[in-house]
Structures are given as C-alpha cells and as structure tokens.
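A structural walkthrough
Chain residues, written in single-letter form:
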Amino acid sequence: MANVVKYYKDEDIIEYKGVKIYEIPDLIDITPQKDDFYHPVKSSVETLRSIAFYHYDNSRFWRIIGDFNAIIDPQKPLKVGQKLRCPSKNRLYGEILNG
C-alpha cells in the first residue's frame with residue numbers, strides 16, 4: 001500500500017509544461033521511488049521553502065519536502081549536512097496532474 005499525505009490547498013495557480021494547476025490534490029504518494037533525490041543542506045539559512053523554490057520553481061511545495069522527511073515543525077532550523085529526500089519534479093507534477 002502506498003504512503004500518502006494530507007491535503008494541501010492554496011489559491012495560487014501553478015503552471016507546468018503549459019498546464020495550469022489550480023490546486024494540489026488531496027493525496028501525494030511519499031513512498032520512496034528510484035527518481036527521488038537528496039538535497040544536501042549547505043547553509044544554516046536554507047529553509048524548506050527555499051529548497052522547494054530551488055528545485056520546483058515554487059515555494060508552495062515546502063510541505064511535501066517536509067512530509068517526505070517527517071519534518072513536523074517547519075520553523076525548526078535545518079542542519080548543515082542534513083540530506084533531505086525530495087521527489088523528482090516530473091514525479092511531483094505528474095502526481096498533481098494525475099491526482
């Protein structure tokens with residue numbers, strides 16, 4: 001059985017490969033996949049939002065990175081050297097489009 005996480009909804013519109021996405025679906029599969037990658041935290045000023053913007057061009061996906069790494073408190077500072085598992089951009093947007 002796949003691992004899924006909670007519902008995320010925002011008013012903003014996301015666009016990916018010419019398709020407008022009006023909301024993130026209620027379930028995102030967090031089961032590890034081959035195309036997941038690890039982001040090494042290099043600075044004490046990095047946040048989940050800045051990492052999401054760097055990889056996905058949208059800081060709204062910080063919650064998904066948090067869920068992938070069981071980070072409950074987004075205000076807790078990340079540790080330099082910590083490696084965060086992230087879904088590939090294609091996987092993330094694919095799940096949203098097909099959600």
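As a convention, each chain's residues are numbered from 1 in the sequence order in which they are written. The model is predicted, so local features are restricted to residues of pLDDT at least 70 and side-chain atom pairs to those at 80 or more, both for listing and for counting; the totals for chains, interfaces and linings are taken over all residues. The basis for the side-chain values is all heavy atoms of the structure; hydrogens and waters are excluded.

Attention now goes to the pattern of salt bridges. Pairing is possible between side chains that carry opposite charge, provided their charged atoms lie close to one another. The rule for a salt bridge is simple: a side-chain nitrogen of Lys or Arg has to be within 4 Å of a carboxyl oxygen of Asp or Glu. For the structure shown, the criterion picks out three salt bridges. One salt bridge in this structure joins Arg 91 and Asp 36, with 2.5 Å as the shortest N-O distance. Residue Arg 91 is located in helix α3 (residues 89-98), and its partner Asp 36 is located in the loop between β2 (19-21) and β3 (37-40); the two are separated by 55 residues in the primary sequence. Residue Asp 36 is classed as buried on the basis of its relative accessible area, which comes to 12%. Helix and strand definitions follow DSSP, with helices as H or I runs of at least four residues and strands as E runs of at least two, each counted in order from the N terminus. Note on classification: 1.4 Å probe, protein chains only; a residue is buried when its accessible area is under 20% of the maximum for its type, exposed when over 50%, partly exposed between these limits.

This brings us to unusual backbone geometry. Backbone phi values are negative for most residues with the exception of glycine, while trans is the configuration of most peptide bonds. If you check the backbone angles, Asp 57 has positive phi at about 60° while not being a glycine. Within the chain, Ala 70 stands out as a residue other than glycine whose phi angle is a positive 50°. Checked against the element boundaries, Ala 70 lands in the loop between α2 (62-68) and β4 (83-86). Ala 70 sits in the exposed class, given a relative accessible area of 65%.

With respect to the element layout, Arg 85 can be found in strand β4. By relative accessible area, which is 10% here, Arg 85 ends up buried. Looking at Arg 85, its side chain comes within polar contact range of the main-chain oxygen of Ile 30, at 2.9 Å. Residues adjacent in sequence count toward polar contacts only when both atoms are side-chain atoms; beyond that, a polar contact is any pair of N or O atoms within 3.5 Å, and within protein one must be able to donate a hydrogen and the other to accept it.

Our focus in this paragraph is helix α1 (residues 48-56). Among all positions of α1, only Leu 48, Ile 51, Ala 52 and Tyr 56 are buried. When α1 is viewed along its axis, its buried side chains cluster within an angular range of 100° and face the same direction. Projecting away from the buried face of α1 at angles above 90 degrees are the exposed residues Phe 53 and Tyr 54. With its phi angle positive at about 60°, Asp 57 sits one or two positions after the end of α1. What the arc covers is the set of directions going from the helix axis to the C-beta atoms.

Let us look at the confidence of the model for the protein. Taken over all residues, the pLDDT of the protein has a mean of 78, while the share at 70 or more is 69%. A residue's pLDDT is the confidence the predictor assigns to it, expressed on a 0 to 100 scale. Here β2 is the element of the protein with the lowest mean pLDDT, 55, and β3 is the one with the highest, 97.

Bringing the environment of Ile 65 into the picture now. Here Ile 65 is to be found in helix α2. Here, residues are in contact when the closest pair of their heavy atoms is within 4.5 Å. Residues within four places of Ile 65 in sequence aside, it is in contact with Leu 48, Ile 51, Ala 52, Tyr 56, Leu 84, Arg 85 and Cys 86.

Moving on: the nonpolar core. With 17 residues, the main nonpolar core has Tyr 56, Phe 61, Ile 65 and Leu 84 as its most contacted residues. The set of elements that each furnish at least two residues to this core consists of α1, α2, β4 and α3. Residues in contact with Leu 84, not counting those within four places in the same chain, are Phe 37, Tyr 38, His 39, Val 41, Leu 48, Ile 51, Ile 65, Asn 69, Ile 71 and Leu 78. Side-chain atoms within 4.5 Å link the members of a nonpolar core, which is a set of buried Ala, Val, Leu, Ile, Met, Phe, Trp, Tyr and Cys residues.

Turning our attention to the packing of aromatic side chains. Any two rings among Phe, Tyr and Trp, with Trp reduced to its six-membered ring, count as a pair given centres within 6.5 Å; such a pair is stacked if its planes are under 30 degrees apart, edge-to-face if over 60, and tilted if neither. Evaluated as defined, the whole model comprises one aromatic pair. Where Tyr 56 meets Phe 61, the ring centres are 5.9 Å apart and the plane angle is 85°; that geometry is what we call edge-to-face. Of the residues examined, Tyr 56 reaches a relative accessible area of 1% and is grouped as buried.

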